[in-house]
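Spelled out from the first residue to the last, the chains are:
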Amino acid sequence: MIVDPVVWTTIPDSHPDLDGDDRAELIEDFEGYLRDRFGDRYELVDKAGPATLRVRASLSDADPQWPLSNVIGLILLMPWDMGGIAGEVELVDAVSGERLVAFAAHRDGTPFLIFEAFTRFGQARHGMQKWTKLLIKLVESEQ
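Residues numbered from 1 in each chain as written. Predicted model: local features only at pLDDT ≥ 70, side-chain atom pairs only at ≥ 80, totals over all residues. Heavy atoms only, no water.

**Student:** I keep staring at the overall build of the protein and nothing clicks. Help me out?
**Tutor:** If you tally the helices and strands in the protein, you get 3 helices and 5 strands. Listing the helices and strands of the protein from first to last along the sequence gives β-β-α-β-α-β-β-α. Taking all 143 residues of the protein together, 45% fall into the buried category. Partitioning the contacts of the protein with sequence separation of at least 6, the portion at a separation of at least 24 is 72%. With an accessible surface of roughly 8000 Å², the protein has 56% of that area assigned to carbon and sulfur atoms. (Helix = DSSP H or I, 4+ residues; strand = E, 2+ residues; numbered from the N terminus. Buried < 20%, exposed > 50% of the residue type's maximum accessible area, 1.4 Å probe, protein only. Contact = heavy atoms within 4.5 Å. Areas by Shrake-Rupley, 256 points an atom, 1.4 Å probe, with all protein chains shown as cover.)

**Student:** Can you walk me through the packing of aromatic side chains in this structure?
**Tutor:** Here a ring pair, both rings aromatic, is described through the centre-centre distance and the interplanar angle of the planes. In this structure the tally under the stated criterion is 2 aromatic pairs. For the pair F30 and W131, a centre-to-centre distance of 5.9 Å together with 65° between the ring planes defines the contact as edge-to-face. Of this pair, F30 sits in helix 1 (residues 20–41) while W131 sits in helix 3 (residues 122–141), and the two are 101 residues apart along the sequence. Assigned by exposure class, F30 and W131 land together as buried. With a centroid separation of 6.1 Å and 35° between ring planes, the pair formed by F38 and Y42 is classed as tilted. For F38, a relative accessible area of 0% gives the class buried. (Phe/Tyr/Trp six-rings, centres within 6.5 Å; stacked < 30°, edge-to-face > 60°.)

**Student:** Help me out: how do you make sense of the side chain of E31 in this one?
**Tutor:** Tracing the sequence through the fold places E31 in helix 1. Using a relative accessible area of 18% as the deciding quantity, one classes E31 as buried. A distance of 3.1 Å separates a polar atom in the side chain of E31 from the backbone nitrogen of V6. (Polar contact = N/O pair within 3.5 Å; in protein donor to acceptor, adjacent residues only side chain to side chain.)

**Student:** Please explain the packing of helix 1 against helix 3 as it appears in this structure.
**Tutor:** For any two helices packed against each other, the geometry is given by the interaxial angle and the distance between the axes. Viewed as axis vectors pointing N to C, helix 1 and helix 3 meet at an angle of 30°, and their least axial separation amounts to 10 Å. Of the two possible hands of crossing, helix 1 and helix 3 adopt the one that is right-handed. Every residue of helix 3 that contacts helix 1 at E25, L26, D29, F30, Y33, L34, R37, F38 and R41 is listed here: A124, R125, M128, Q129, W131, T132, K133, L135, I136, V139 and E140. (Axes fitted to C-alpha atoms, helices over the stretch in contact; angles between N-to-C directions. Left-handed = near helix turned anticlockwise from the far one by under 90°.)

**Student:** I'm lost on the environment of H126 in this one. Help?
**Tutor:** Along the polypeptide, H126 turns up in helix 3. Sequence separation of H126 and I85 is 41 residues, and the distance between their C-alpha atoms is 9.2 Å.

This is the structure:
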C-alpha cells in the first residue's frame, strides 16, 4: 500500500478563517490516520509494484469549532458549535493508475460526540477517522 501525501484543495466558499497552520495540522492528522490504519493491516511501500494499491486524499474545507462556546452551551444543555470537514479520497492500482474506489464526503459535527466538541478540530478529526475506516472496509470487502 502506498499512501500519498494528503493535499489541500481550495474550493470556493470554504471557511476563510482557516490559516496555513490549521490546514497543515489537519493534513498531517489525516495522513497519519491513513498511514496508521493501513500500516496496521498492510505493508506500506514507496514504490509501485504488483498487487500494490495507492491511496490519494485531499481535504477541501474544515469548519473549526470554538470550544469556549461549547462549554457555555454544555452548561445550558449541549454544545452548539459542531464544526465539520470536507474531503475526497481515491484508491487506485499503483501500477496502472486504474481507479478502484473514490468518494467525496462532508461530515458535520454532532452533539453526541461530547469530547470532540471541546477542541478546535475534534469533530473534523473524527470525520477523517470515519473516512479512513470506511476506506479500509471498502478495500477489505473487495478482497
